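Residues per chain are reported as follows:
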Amino acid sequence: MSILETIVNYKKTVVQESKDLSPVKLLEQSIFFNSQPISMKEYLKREDKVGIIAEIKRMSPSKGIINDKIDVEQLSISYMQSGASALSVLTDTKFFGGKSEDLEIARKFNYAPILRKDFMIDEYQIVEAKSMGADCILLIAACLTPTLCRSLASFAKNMRLEVLLEVRTREEIDSHTNEYIDIIGVNNRNLNDFKTDIINSKNLFEYLPKELVKISESGITRGSQVKELKDIGYDGFLIGGYFMNQGEPGKACKNLIDDYKSLIK
Ligand SMILES: O=C(O)c1ccccc1NCC(=O)[C@H](O)[C@H](O)COP(=O)(O)O
């Protein structure tokens, strides 16, 4: 069984348990339900920013524990003060060591677009995302049929959430893009061997729909890579492990942004 199949099977159980524990009616009472969302699309296009989506990621299937000593309040503020355009918060516990409270804390302390990074297979998780204070949700093409992808994306838009579609292949771009997608992300991580290479983003760029905001995800560790990808036309760059792996992830974010800026002078 692939890692994605393992995660998705596990999610089915978690979603059922959560539905029993916190029914939709309860989630709808969250103070975030009627709050004005912050557009990730717009922040990624801002000329005064570089387009970094800085991720809070304690562990991963590929690396095990990366950094479990973080304080989410401090780190999220530090990422934004370092010049990040948006935050990505992993809310999966079993495989990534995250939790919904992480996103709620990030929301409470930052005026910035926040992505709920999780493995979405059910409308219930989108309601959860809204109740946590997220602005954007992730749909992973490899986890969903095109029909389910479209209906989840439509449901999210009805909740005034933006939708990031993650693809890894040209086939997924063609089969899963639909009218409800705001941002398309090319994943550079091969989920069979976990190797990352930004060549995937370079190769697929020409096939991405022109009208969508475009991001490159995974395996980015240098300002020069951001420059290469920006020169091709990417608007955003999702970076987790590289920042989290360092003593001060917020500082690592600032250094990478400075590194990028030194190359465009
Ligand atoms: O990171 C993993 O090992 C992983 C394994 C299986 C499914 C998803 C996985 N990562 C989720 C992500 O999308 C990344 O956290 C994100 O793109 C940032 O990647 P990186 O900068 O390489 O940590």
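Residues numbered from 1 in each chain as written. Predicted model: local features only at pLDDT ≥ 70, side-chain atom pairs only at ≥ 80, totals over all residues. Heavy atoms only, no water.

**Quick notes on unusual backbone geometry**
Note: most residues except glycine have negative phi, and most peptide bonds are trans.
Okay, step 1: One non-glycine residue, Arg 160, lies in positive phi territory at about 60 degrees.
Okay, step 2: Secondary-structure assignment places Arg 160 in the loop between helix H7 (146-158) and strand S7 (162-167).
Okay, step 3: Within the chain, Phe 194 stands out as a residue other than glycine whose phi angle is a positive 65 degrees.
Okay, step 4: Relative to the elements of secondary structure, Phe 194 occurs in the loop between strand S8 (183-187) and helix H9 (199-204). (Helix = DSSP H or I, 4+ residues; strand = E, 2+ residues; numbered from the N terminus.)

**A look at the site of the ligand**
Okay, step 1: Taken together, 17 residues form the shell around the ligand, and within it Glu 55, Lys 57, Ser 62, Lys 117 and Arg 189 come nearest.
Okay, step 2: Side-chain polar atom of Ser 60 to an oxygen atom of the ligand: 3.5 Å apart, as the coordinates give it.
Okay, step 3: Here an oxygen atom of the ligand sits 2.7 Å away from a polar atom, N or O, in the side chain of Ser 218.
Okay, step 4: Protein burial of the ligand: of its 510 Å² of free accessible surface, 97% is covered by the chains.
Okay, step 5: For the shell around the ligand, the per-class residue count stands at six nonpolar, six polar and five charged. (Near = heavy atom within 4 Å. Polar contact = N/O pair within 3.5 Å; in protein donor to acceptor, adjacent residues only side chain to side chain. Areas by Shrake-Rupley, 256 points an atom, 1.4 Å probe, with all protein chains shown as cover. Nonpolar A, V, L, I, M, F, W, Y, C, P; charged D, E, K, R; others polar.)

**What to know about helix H5 (residues 100-109)**
Okay, step 1: When we look at burial in H5, the residues that qualify are Asp 102, Leu 103, Ala 106 and Arg 107. Buried positions in H5, seen along its axis, are confined to an arc of 135 degrees and lie on one side of it. (Buried < 20%, exposed > 50% of the residue type's maximum accessible area, 1.4 Å probe, protein only. Arc of directions from axis to C-beta.)

Function-wise, these values are silent; they only describe arrangement.
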